[in-house]
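# Residue-level structural notes
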Amino acid sequence: KKNEDGTRTLKKMSMKNWQLVIDVDLTGPFLCTREFAAHCIENNVGSAVVVNISSVARHGNRGQSNYSAAKAGLVADTKLWAVELARYGIRTGAVAPGFVDTPILQGMRPEVLQNMLKAVPLRRAASTDEIYRAVQFIIECDYFTGRCIDVDGGMVV
């Protein structure tokens, strides 16, 4: 934000905005996983899988410290839960998409989208099917746990 004299002022993120994103993107998955794991353990389900959806923003995304922190925290939880829940037959994994071809991206002005995609070595967004295949791998590979798969076209190499 520019002041009348041309200097810049830092726009502060409100605590409300911080907490809203943390609640949805970090606390929500924690609560779901806690209940799912308890159900699996209490009912002696055997093998089960938790798949979390993180984001390439977990590495940091300017102006979104709340979202970046939540998505990085989710990957940390994924790793920790792998260790804590393995003895009950519960595996965990996370997928961290970059740009995905969704209605949000499709609604952007073409020149803005093309400029964003310049940061992607493959120069395109992922399809939803490509994200699905990463989730499918986590579910189907019985020796996979505690890791995050970045599906970002090489954005974070």
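Residues numbered from 1 in each chain as written. Predicted model: local features only at pLDDT ≥ 70, side-chain atom pairs only at ≥ 80, totals over all residues. Heavy atoms only, no water.

Moving on, we get to the overall build of the chain. Across its full length, the chain holds 5 helices and 3 strands. Along the chain, helices (α) and strands (β) appear in the sequence α-β-α-β-α-α-α-β when read from the amino end. Projected onto its principal axes, the C-alpha positions of the chain cover 65 × 35 × 25 Å. Counting only residues that meet the buried cut, the chain has 32% of its 157 residues in that class. A separation of at least 24 residues holds for 71% of the contacts in the chain among residues at least 6 apart in sequence. Summing over all exposed atoms, the chain offers an accessible surface of approximately 10,300 Å²; the carbon and sulfur share of this is 56%. (Helix = DSSP H or I, 4+ residues; strand = E, 2+ residues; numbered from the N terminus. Buried < 20%, exposed > 50% of the residue type's maximum accessible area, 1.4 Å probe, protein only. Contact = heavy atoms within 4.5 Å. Areas by Shrake-Rupley, 256 points an atom, 1.4 Å probe, with all protein chains shown as cover.)

This part is about unusual backbone geometry. One non-glycine residue, Asn 44, lies in the positive phi region at around 45°. Within the secondary structure, Asn 44 sits in the loop between helix 1 (15-42) and strand 1 (48-53). You will see that Arg 123, though not glycine, has its phi angle at about 60°, which is positive. With respect to the helices and strands, the residue Arg 123 is situated in the loop between helix 4 (110-117) and helix 5 (128-140).

With respect to the helices and strands, Asp 25 occurs in helix 1. Residue classification places Asp 25 among the buried positions, given a relative accessible area of 16%. With residues near it in sequence (within four places) discarded, Asp 25 still touches Tyr 67, Ala 70, Lys 71 and Leu 74.

With that settled, the discussion passes to the packing of aromatic side chains. Tallied over the full model, the rule gives 1 aromatic pair. Here Phe 137 and Phe 144 contribute two aromatic rings whose centre-to-centre distance is 5.5 Å and whose plane-to-plane angle is 75°, an arrangement assigned as edge-to-face. (Phe/Tyr/Trp six-rings, centres within 6.5 Å; stacked < 30°, edge-to-face > 60°.)

Turning our eyes to something else, we now look at the sheet that holds strand 1. Read across the open sheet, the 3 strands follow the order 1-2-3; overall the sheet is parallel. Two strands bound the open sheet, and with one partner strand each, they are strand 1 and strand 3 (147-151). Pairwise comparison of adjacent strand axes, ignoring direction, gives a mean angle of 25° for this sheet. By the bridge criterion, 5 bridges tie strand 2 (residues 90-97) to strand 3 in an arrangement that is parallel. Along strand 3, the bridge assignment pairs Pro 97 with Val 151. Against the sheet, helix 1 makes contact with strand 1 and strand 2, and its axis sits at roughly 175° relative to strand 1, the strand it touches most. Each of strand 1, strand 2 and strand 3 touches helix 2 (residues 65-85); the most contacted strand, strand 2, lies at about 160° to it. (Pairing = 2+ DSSP bridges. Axes fitted to C-alpha atoms, helices over the stretch in contact; angles between N-to-C directions.)

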